[in-house]
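# What the coordinates show
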Amino acid sequence: MGGKKMIEICNERLRLANCTFQVVFTMILISGSMVAGVGFGESAPAAAQVPAMFAFGDSLIDVGNNNFLSSFAKSNYFPYGIDFRGGPSGRFTNGRTSVDMLGNLLGLPYAPAFADPNAKGNIILRGVNYASAAAGILDETGRHYGDRYALSQQVLNFESTLIQLRTIMGGTNLTQYLIKSIAVLVFGSNDYLNNYLMPSLYSSSYTYTPPAFANLLLNRYATQILALHSLGLRKFVLVGIGPLGCIPNQRASGKAPQGRCVDNVNQIIGSFNQGLKSLVTQLNSNHPGAVFVYGNAYGAFGDILNNPASYGFSVIDRACCGIGRNQGQIICLPLAVPCSNRNQYMFWDAFHPTEAANAVLAWRAFNGPPSDSYPINVQQMSLI
């Protein structure tokens, strides 16, 4: 199924769930991209399959937290958001993120950015997004970009949200609400791209072998996941790292032949992904009252790379918006002119997927077999 079709499905699922919304969403094709969705300020759909979704992560799912931070990692300018209802929002893509669309499939409105001053009161009842561009599992990751919410800080931010929710809902209701809600965590990419693979700025590659670094990340990750568990969350989607060696930024590095991915980078992150899947098995074994799912982003995006035409993609090796080799040496600058056929591109900029590619990941996480979402998918999780 192609990325364009998956966008249509996400939109249709949202439309069917939104019979009580003030806005009627129709599937409109504009400049080759679907534009649909719901702002986080609108009412939550009556048909929501879970009470809320809480998102933790990096720029892959940031919805604007870095707009409110002193950071160089921002995307609140055109042409980012060219296909997003409302325009540039701080999302690092042309339209919606994978977590936006996963929420759509669950019948939820967009979760507000935690740092947004308007994210308070009833608006946070359907979830909050804590993701921050340049953030990593390690506190020091991405420090050269300035301020960002690292994983540990995102957990603390979630605690502050709980204080608000407890005031709104009361203790007993909050407990059941958290048990049924879903937490999505998307971490690890920056710990490699903006730490381990930057030896001129970070010493980690001199200190740790790739397997040892993966173990360091997974140990820190497990600590924070268990902290969220101790705060009441019971449903976790832990998304692995995609094939970083194939993003335009790495293809533009000259470390691989023209048209090839940087295989060494993909091999390095293999230790992390394998370890994360094993961690999911361990967590499920040790916490029978909870459910942990591994999202195989590497497999999903790898399938697109190997079979682009079957997903409707014709360009997989360069960015839709960017400058230099593979349009991946310099990111999408303000007022740059992006490609017009965005649904045919896998990558929006040097680092991030297009909305069409995000739709593939969202759909496979929601509805895929165990090879995509292990041991169960998000739709199955929502029924527990």
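Since the structure is predicted, the reported quantities are computational estimates derived from the model, not experimental observations.

### With respect to the overall build of the protein
- Broken down by element type, the protein carries 12 helices and 9 strands.
- For the protein, the proportion of its 384 residues judged to be buried stands at 57%.
- If you take every contact in the protein between residues at least 6 apart in sequence, the share linking residues at least 24 apart comes to 73%.
- Per element, the accessible surface of the protein, about 14,500 Å² overall, is 54% carbon and sulfur.

### A few points about helix α2 (residues 98–105)
- When you tally the buried positions in α2, you get 8 out of 8 residues, the bulk of the element.
- The set of residues buried in α2 consists of Ser98, Val99, Asp100, Met101, Leu102, Gly103, Asn104 and Leu105.
- After α2 finishes, the residue Gly107 shows a positive phi value of roughly 80°.

### Digging into the pattern of salt bridges
- This model, assessed by the stated rule, comprises 7 salt bridges.
- Between Arg342 and Asp83 there is a salt bridge, and its shortest N-O distance comes to 2.6 Å. Linking Arg342 in the loop between β7 (315–319) and β8 (345–347) with Asp83 in the loop between β3 (53–57) and α2, this pair joins segments that are 259 residues apart in sequence.
- Asp83 gets classed as buried once you look at its relative accessible area, which sits at 4%.
- Here Arg364 makes a salt bridge to Asp303, at a shortest N to O gap of 3.0 Å.

### Side note on the nonpolar core
- Within the largest apolar cluster, 93 residues are counted, with the highest numbers of intra-cluster contacts made by Phe54, Leu185, Tyr192, Tyr221 and Phe272.
- With residues near it in sequence (within four places) discarded, Phe272 still touches Ile137, Phe187, Tyr192, Ala214, Leu217, Leu218, Tyr221 and Ile241.
- Counting residues in hydrophobic clusters, the runner-up holds 9 residues, among them Val315, Cys339, Tyr345 and Trp348.

### Quick notes on a nonpolar patch on the surface
- A cluster of nonpolar side chains, Ile323, Ile330, Ile331 and Leu333, forms an exposed patch at the surface whose accessible area comes to about 300 Å².
- Within the secondary structure layout, Ile331 lies in the loop between β7 and β8.
- On the basis of relative accessible area, Ile331 is assigned to the partly exposed category, the value being 32%.

### Observations concerning the packing of aromatic side chains
- Evaluated as defined, the whole model comprises 20 aromatic pairs.
- Aromatic pair Tyr130 and Phe158: ring centres 6.0 Å apart, planes at 80°, arrangement edge-to-face. One end of the pair, Tyr130, is in the loop between α2 and α3 (151–169); the other, Phe158, is in helix α3, and 28 residues separate them in sequence.
- Judged by its relative accessible area of 0%, Tyr130 is buried.
- Taking the centre distance of 6.5 Å and the plane angle of 75° together, the rings of Tyr192 and Phe272 count as edge-to-face. Remark: Phe272 occurs in helix α9 (residues 263–286) and Tyr192 occurs in helix α5 (residues 189–196); sequence separation between them is 80 residues. You'll find Tyr192 and Phe272 in the same group, each marked buried.
- Across from the ring centre of Tyr374, 4.7 Å away, lies the NZ or CZ of Lys277, which sits over that ring.

### Examining the state of the cysteines
- Counting across every chain of the model gives 3 disulfides.
- Shown here is the disulfide that connects Cys246 with Cys261, its sulfur atoms set 2.1 Å apart. On the sign convention where negative is left-handed, the bridge of Cys246 and Cys261, at about 110° about the S-S bond, is right-handed. Of this pair, Cys246 sits in the loop between β5 (235–239) and α8 (248–251) while Cys261 sits in the loop between α8 and α9, and the two are 15 residues apart along the sequence. Summarising the burial analysis for this pair, Cys246 and Cys261 share the class buried.
- Along the protein, the cysteines engaged in disulfide bonds are linked according to the scheme 1-2, 3-6, 4-5 when indexed in sequence order.

### Some remarks on the packing of helix α7 (residues 210–230) against α9
- Taken N-terminus to C-terminus, the directions of α7 and α9 make an angle of 35°; their axes are 9 Å apart at the nearest point. As for how α7 packs across α9, the hand of that crossing is right-handed. Within the contact between the two elements, α7 uses Pro210, Pro211, Ala214, Leu217, Leu218, Tyr221, Ala222, Ile225 and Leu226 and α9 uses Ile268, Ser271, Phe272, Gly275, Leu276, Leu279 and Leu283.
- Within the contact of α7 with α9, the residues separate by chemical class into 14 nonpolar, 2 polar and no charged.

### Observations regarding helix α11 (residues 355–367)
- End to end, α11 covers 18 Å across 13 residues, agreeing with the expected 18 Å (1.5 Å per residue, within 8%).
- The element α11 is extensively covered by neighbouring structure, given that 12 of its 13 residues are classed as buried.
- For α11, the complete set of buried residues consists of Glu355, Ala356, Ala357, Asn358, Ala359, Val360, Leu361, Ala362, Trp363, Arg364, Ala365 and Phe366.

Conventions we followed
Residues numbered from 1 in each chain as written. Predicted model: local features only at pLDDT ≥ 70, side-chain atom pairs only at ≥ 80, totals over all residues. Heavy atoms only, no water. Helix = DSSP H or I, 4+ residues; strand = E, 2+ residues; numbered from the N terminus. Buried < 20%, exposed > 50% of the residue type's maximum accessible area, 1.4 Å probe, protein only. Contact = heavy atoms within 4.5 Å. Areas by Shrake-Rupley, 256 points an atom, 1.4 Å probe, with all protein chains shown as cover. Salt bridge = Lys/Arg side-chain N within 4 Å of Asp/Glu carboxyl O. Core = buried A, V, L, I, M, F, W, Y, C linked by side-chain atoms within 4.5 Å. Patch = residues over 30% accessible without salt bridge, like charges linked within 9 Å, V, L, I, M, F, W, Y side chains within 5 Å. Phe/Tyr/Trp six-rings, centres within 6.5 Å; stacked < 30°, edge-to-face > 60°. Lys NZ or Arg CZ within 6 Å of the ring centre and 35° of its normal. Disulfide = S-S within 2.5 Å. Axes fitted to C-alpha atoms, helices over the stretch in contact; angles between N-to-C directions. Left-handed = near helix turned anticlockwise from the far one by under 90°. Nonpolar A, V, L, I, M, F, W, Y, C, P; charged D, E, K, R; others polar. Expected span 1.5 Å × (residues − 1).

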